[in-house]
Amino acid sequence: MEPWPQKDQIAAALRQISAGFAALADAISTDPARPPADSRHRALVAEWGRAGLTRAEASALFRKHGFSPQAAGGWARGDWLEVRDDGRRYLTDRSLHWLAEQGAPDDPQPRD
């Protein structure tokens, strides 16, 4: 049996639909007083810094800044964080470089 030639296109379309549903859920459930996602990203990366976090610590940090702990998986796939041999999660140079380009968040709380 030949592979299904459109499966990659269908998978990509399903990912877009999924992202659209996530954005819609965020739009209807977001507290207008909560800072925008970009600000929360900056604050999360600034607080994490160069520290190595356990899975539980990373999950707690994501929650603290208003993100699902499962977002860490997407960050790892996108080369924003990595799990090293010690089992801890570290931000990649890509993340730290991005933070430097963005400027410091309003309320930095560095871990290191």
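Look above for the structure.
Just so it is clear, the model here is predicted, and its values are computed rather than measured. (Residues numbered from 1 in each chain as written. Predicted model: local features only at pLDDT ≥ 70, side-chain atom pairs only at ≥ 80, totals over all residues. Heavy atoms only, no water.)

Visitor: What is the right way to look at helix 5 (residues 93-102) in this model?
Guide: Since the α-helix turns once every 3.6 residues, residues separated by three or four places project in the same direction. Taken as a whole, helix 5 has its buried residues at Ser 95, Leu 96 and Leu 99. An end-on view of helix 5 places all buried positions within 95° of arc, on one side of the element. Of the exposed residues in helix 5, those oriented more than 90 degrees away from the buried face are Asp 93, His 97, Ala 100 and Glu 101. Buried residues along helix 5 sit in contact with helix 2 (37-48), strand 1 (81-83) and strand 2 (89-91). (Buried < 20%, exposed > 50% of the residue type's maximum accessible area, 1.4 Å probe, protein only. Helix = DSSP H or I, 4+ residues; strand = E, 2+ residues; numbered from the N terminus. Arc of directions from axis to C-beta. Contact = heavy atoms within 4.5 Å.)

Visitor: Where do I start with the packing of helix 2 against helix 3 (residues 55-64) in this structure?
Guide: When two helices pack together, their arrangement is given by the angle between the helix axes and the distance between those axes. At their nearest, the axes of helix 2 and helix 3 sit 9 Å apart, and the two run at 145° to each other. Between helix 2 and helix 3 lies a crossing whose hand is right-handed. In this structure, helix 2 contributes Leu 44, Glu 47 and Trp 48 to the contact, and helix 3 contributes Ala 58, Leu 61, Phe 62 and Lys 64. Here the residues of the contact of helix 2 with helix 3 sort into 5 nonpolar, no polar and 2 charged. (Axes fitted to C-alpha atoms, helices over the stretch in contact; angles between N-to-C directions. Left-handed = near helix turned anticlockwise from the far one by under 90°. Nonpolar A, V, L, I, M, F, W, Y, C, P; charged D, E, K, R; others polar.)

Visitor: How should the nonpolar core be read in this particular structure?
Guide: When a protein is soluble and globular, its nonpolar side chains tend to lie buried together. With 16 residues, the main nonpolar core has Leu 44, Trp 48, Leu 53, Phe 62, Trp 75, Leu 81 and Leu 91 as its most contacted residues. Elements with a minimum of two residues in this core: helix 2, helix 3, helix 4 (71-77) and helix 5. For this core, the element with the most residues is helix 2, which contributes 4 residues. Non-local contacts of Leu 44, meaning those with residues more than four positions away in its chain, are made with Leu 61, Phe 62, His 65, Phe 67 and Trp 75. (Core = buried A, V, L, I, M, F, W, Y, C linked by side-chain atoms within 4.5 Å.)

Visitor: Where do I start with the pattern of salt bridges in this structure?
Guide: Any two side chains of opposite charge can pair, on the condition that their charged atoms come close. According to the stated counting rule, one finds 3 salt bridges in the structure shown. For Lys 64, the salt bridge is made with Glu 47, and the minimal N-O distance between the two is 3.0 Å. With Lys 64 in helix 3 and Glu 47 in helix 2, this residue pair connects regions lying 17 residues apart in the sequence. (Salt bridge = Lys/Arg side-chain N within 4 Å of Asp/Glu carboxyl O.)

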